[in-house]
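# Structural description and commentary
Here are the chains, one letter per residue:
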Amino acid sequence: QVQLLESGGGLVQAGGSLRLSCAASGSTFSNYGLGWFRQAPGKEREFVAAISWAGGITFYADSVKGRATISRDNVKRTVYLQMNSLKSEDTAVYYCATTPVLSTVPVTTTPYQYWGQGTQVTVSA
C-alpha cells in the first residue's frame, strides 16, 4: 500500500507559479508510475501530467503543456509538479496518484491505484 500527501497549493495571481509536491510512504516508490490530476468544482477529475517509474517518460495534458513540468525524486520518494503562467482555469484541487503500470504513462484515472487527499490551487484573475 502507498500513502500520498500533497502540498504546495495555495492562492496565486494569474501569471504566477506554484510547485506542488507529493510525498509517498509505504511500498517501494520506484515501483510506480505517478500522475497528477485535478478537479474543479462541478467538473470531472482530469489528467494533468504523468511520469514513468524511472522518470524517462512524461506526458502532459494539452491544457498545461509548455506551462507544467512533472519530475520525481525516487530517493526522496516525492513527485513534483511545477506550474508556471497560471491561469484562472487552473483553479482546482490537485491530486497525485500512483499506478503499477510501468510500460507507459496512463492518462485516465482507472489505472491509478492510490490517491492523495489533494491540495487546493486557486488562481485569481
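Up top is the structure.
Everything numeric in this text was worked out from a predicted model, so none of it was measured. (Residues numbered from 1 in each chain as written. Predicted model: local features only at pLDDT ≥ 70, side-chain atom pairs only at ≥ 80, totals over all residues. Heavy atoms only, no water.)

### A look at the packing of aromatic side chains
Test applied: Here a pair means two rings of Phe, Tyr or Trp (six-membered ring of Trp) with centres within 6.5 Å. Their orientation is stacked below 30 degrees between planes, edge-to-face above 60, and tilted elsewhere. By the criteria applied, helices consist of DSSP H or I runs no shorter than four residues and strands consist of E runs no shorter than two, each listed in order from the N terminus. Only protein chains enter the calculation, and the probe is 1.4 Å; a residue is then buried if its accessible area is under 20% of its type maximum, exposed if over 50%, and partly exposed in between. A positively charged side chain is recorded as over a ring if its NZ (Lys) or CZ (Arg) lies within 6 Å of the ring centre. The angle to the ring normal must also be within 35 degrees.
Here the structure, examined in full by the defined rule, presents five aromatic pairs. Summarising the aromatic geometry, the rings of Phe-37 and Trp-115 are spaced 5.1 Å apart at their centres and angled 55° between planes, so their arrangement reads as tilted. Pair noted here: Phe-37 is in strand E4 (residues 33–39) and Trp-115 is in strand E10 (residues 114–115), with a separation of 78 residues, a long-range link. A residue is classified by how much of its surface remains accessible, and Phe-37, at 0% relative accessible area, is buried. Owing to a relative accessible area of 25%, Trp-115 belongs among the partly exposed residues under this scheme. A connected cluster of aromatic rings, assembled from ring pairs, spans Phe-37, Phe-47, Phe-59, Tyr-112 and Trp-115. Above the face of the Tyr-95 ring, Arg-45 is positioned so that its terminal group lies 3.7 Å from the ring centre. The ring of Trp-115 has Arg-45 lying over it, and the distance from NZ or CZ to the ring centre is 4.9 Å.

### Some details on unusual backbone geometry
A positive phi is found at Arg-77, a non-glycine position, where the angle reads about 55°. Along the chain, the position of Arg-77 falls in the loop between strand E7 (68–73) and strand E8 (78–83). You will see that Ser-85, though not glycine, has its phi angle at about 50°, which is positive. With respect to the helices and strands, the residue Ser-85 is situated in the loop between E8 and strand E9 (92–99).

What is shown is where atoms sit, not what they do.
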